[in-house]
Number of protein chains: 2
Amino acid sequence: MSFYVQTQIMQFAQALPLECGASLASYELAYETYGQLNESKSNAVLICHALNASHHVAGQYRGQNNSEGWWSNMIGPGKPVDTNRFFVIGVNNLGSCFGSTGPVHINPATQKPYGADFPVVTVEDWVDAQERLVTRLGIEKLLAVMGGSLGGMQVLAWSMRYPKRVRHAIVIASAPNLTAENIAFNEVARRAIVTDPDFHGGHYYEHGVVPKRGLRIARMIGHITYLSDDVMNTRFGRQLRRVAGNLESDSLAEQNYLYSTQEVEFQIESYLRHQGDKFAEYFDANTYLLITRALDYFDPAKAFEGRLSQAMACIEAKFLVISFTTDWRFSPSRSQELVKALLDNHRQVSYVNIDAPHGHDAFLLEDPQYLSVVRSYFKHL
Amino acid sequence: MSFYVQTQIMQFAQALPLECGASLASYELAYETYGQLNESKSNAVLICHALNASHHVAGQYRGQNNSEGWWSNMIGPGKPVDTNRFFVIGVNNLGSCFGSTGPVHINPATQKPYGADFPVVTVEDWVDAQERLVTRLGIEKLLAVMGGSLGGMQVLAWSMRYPKRVRHAIVIASAPNLTAENIAFNEVARRAIVTDPDFHGGHYYEHGVVPKRGLRIARMIGHITYLSDDVMNTRFGRQLRRVAGNLESDSLAEQNYLYSTQEVEFQIESYLRHQGDKFAEYFDANTYLLITRALDYFDPAKAFEGRLSQAMACIEAKFLVISFTTDWRFSPSRSQELVKALLDNHRQVSYVNIDAPHGHDAFLLEDPQYLSVVRSYFKHL
């Protein structure tokens, strides 16, 4: 079932005006494609990525073990989004650290890395950049735009900004904007990064350091919010981290505490530290700031005094909206706000609230009910 | 209604053996009392404090504005716990930074502050220390022990460790142990403190610095978990922080984003940063580590292979258990586990799940229904 893919880079010489008022004089986007564009160019599906993902959605890189794309259970030959039928595009967003123009790239104005000077990009800016890519690929109308979480916000923005160019919008585990609690978690993560002495005002590249302490904390906070309380209890509960010589047959009552405030005592601590350590090795801190801010800022109803139905009146696409019962980061009620606004506008919308234990993470996982909903939707396209 | 109080200090020369295996050769406890102990010494109510509180439960300090105790809406003359009838004791726990022996005190073994060498104390250790105070005050049997959150855990420990010395146990917004998610939040907060370069392995006093960055992050995380998603949306929502010249009459749509990753953009960010800054000024980092660890470790059912009903079989006290519908840190279902275990043992228990919007914080707030439940319970004592 595995197939090999290669990342491509597309250059854009025309300046991109941004919502913040600045513009990028030129930029490049990393992307991948899977499957074949048909002659009528009517089978293209664009995948928008979430916080820490990239354009590498499906397939794997030749000669690299464990290089499967982040949505490989969803996209590929014979998968719910079947690349034998559809031409699927994965694109990396501006400001990312995975190939598209971002803070680690050279600022033509200074000949140094952008760092913290990279402009604050928004979901709408990303969509504008993606639109140029799609156009250059010769696609006038996308069969579908699809994404989960922050990816779902891009799908919404596509359907409102380019209503005539999207046939189907698939919005998974997403929301019309962040709640105060969502923003709060993002802000704590950003403060952890920005107040790390190795951050150097965002110009740490020049100092040869990385604000790893802050990145670790940011990732640990994120991970807590991706999982449900229940799944954390099932997977980790109050299990102690077993140390050598602490036999598996020991009963819970026989396991002694270490009585330490700094050593790892519980499995959940070990898991979170590991996730934080891994993340700090590969993710760029400035990118983290930009992407969480794009999440905070997204709010299409803002220009309509908070009236989402008015904001979504321009939409022409048909929608599939999916939420997960235990997702407390983007709760089902937020998806239901989208559904209501679409119905207010008499748009065609299918909505499924999947009973899954995994919290927000569920949108990336192998849930049979979820995958079969998507499969069935795409089968009828 | 205001009344004045003074903090007292009681010295204990007899060594206190701790659960971790170490012992404190000597120690002192800061405490306050309100009301009069009656002749039969049968009207004493002990209040146990939660994470960042102290022995200063009620009343105020003469000549100090805004020095009301942290539970002044609950305890005082004419209050639900009426100090005209009851002799109320507030006690500061070992390891705290508010008067009782803790990391900021001099370690007799080194003649330097304990710092990170202060032994890891548990809820049970606190209760053992409190028991000596109560004994020295001449009280054989407490009319009631009462506490919220971590304070409620101390009430549980009292009722199990000294079953003959507690008539009534009032456990509010608490739990029989922490969930994996609770531990996870504590761990992130601890990592933020421990990895702050100003932490110096817990011996920052000698370096003349305080790990304020870490404390701020810890407090911000804490605050998010004290509030419900709903109350955060009601109080802050997506409101921008109004800047000078940004007229109050501006509509939401007219308010412009700053497009910044580091400046305060939303009210919720301003609130959290302010809470973090305040906390870092007065709270000791080593104390934060100790108290969150005491929370993590508390698990009376552990010695009974997780069987809470067995652990609670020794209890003789009558219970009042209170939870709050929107408390997701110590959810109502956790209180209901306590109620079930008490009923399994045929103990007398009253349970109320208060419909309050404020999340975990509700136990400190002026909710009429909540206060009247406590008032009514104490009226019949």
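Residues numbered from 1 in each chain as written. Chains lettered and ligands numbered in written order. Predicted model: local features only at pLDDT ≥ 70, side-chain atom pairs only at ≥ 80, totals over all residues. Heavy atoms only, no water.

S.K.: Looking at this model, I keep getting lost on the side chain of Ser228(B). Mind explaining?
M.R.: All names here are of chain B. Here Ser-228 shows up in the loop between α5 (212–226) and α6 (229–235). Residue classification places Ser-228 among the buried positions, given a relative accessible area of 3%. Looking at Ser-228, its side chain comes within polar contact range of the main-chain nitrogen of Val-231, at 3.0 Å. Leaving out residues up to four positions away in the same chain, Ser-228 has contacts with Thr-326, Trp-328, Pro-357, His-358 and Gly-359. (Helix = DSSP H or I, 4+ residues; strand = E, 2+ residues; numbered from the N terminus. Buried < 20%, exposed > 50% of the residue type's maximum accessible area, 1.4 Å probe, protein only. Polar contact = N/O pair within 3.5 Å; in protein donor to acceptor, adjacent residues only side chain to side chain. Contact = heavy atoms within 4.5 Å.)

S.K.: What am I meant to see in the sheet that holds strand β11 (residues 142–148) of chain B here?
M.R.: Sheets are built from strands that pair by backbone hydrogen bonding, the pairs being arranged parallel or antiparallel. All names here are of chain B. Spatially, the eight strands line up as an open sheet ordered β1-β4-β8-β5-β11-β12-β13-β14, and their pairing is mixed. Edge positions in the sheet fall to β1 (8–12) and β14 (349–354), since each has one partner strand and no second. The average angle at which neighbouring strand axes cross in this sheet is 20°, direction not considered. Pairing geometry for strand β4 (residues 27–34) and strand β8 (residues 87–91), over four bridges, is antiparallel. Bridge assignment links Glu-32 to a residue of β8, and that residue is Gly-90. (Pairing = 2+ DSSP bridges. Axes fitted to C-alpha atoms, helices over the stretch in contact; angles between N-to-C directions.)

S.K.: Looking at this structure, how should I read the pairing of strand β12 (residues 166–172) of chain B?
M.R.: Residues and elements named next belong to chain B. By the criterion of burial, β12 is predominantly enclosed, with six of the seven residues buried. Bridge count between β11 and β12: six bridges; the pairing is parallel. Bridging from a neighbouring strand, Gly-148 pairs with Ile-172 of β12. Handedness of the β11-helix α2 (residues 150–161)-β12 crossover: right-handed. Judged from the five bridges that link them, β12 and strand β13 (residues 318–324) form a sheet pairing that is parallel. Each residue of the ladder has a partner; that of Val-171, found in β13, is Val-321. (Right-handed = clockwise from strand over helix to strand, strands pointing away.)

S.K.: Looking at this structure, how should I read α5(B)?
M.R.: The periodicity of an α-helix, 3.6 residues per turn, causes residues three or four places apart in sequence to face the same way. The end-to-end C-alpha separation of α5(B) is 21 Å, in line with the 21 Å expected for 15 residues at 1.5 Å each. Burial analysis of α5(B) places twelve of its 15 residues in the buried class, the great majority of the element. Taken together, the buried positions of α5(B) are Gly214(B), Leu215(B), Ile217(B), Ala218(B), Arg219(B), Met220(B), Ile221(B), Gly222(B), His223(B), Ile224(B), Thr225(B) and Tyr226(B). On its buried face, α5(B) sits against α3 (180–194) and α5 (212–226) of chain A together with α3 (180–194), α6, α7 (267–282) and α8 (285–297) of chain B. (Expected span 1.5 Å × (residues − 1).)

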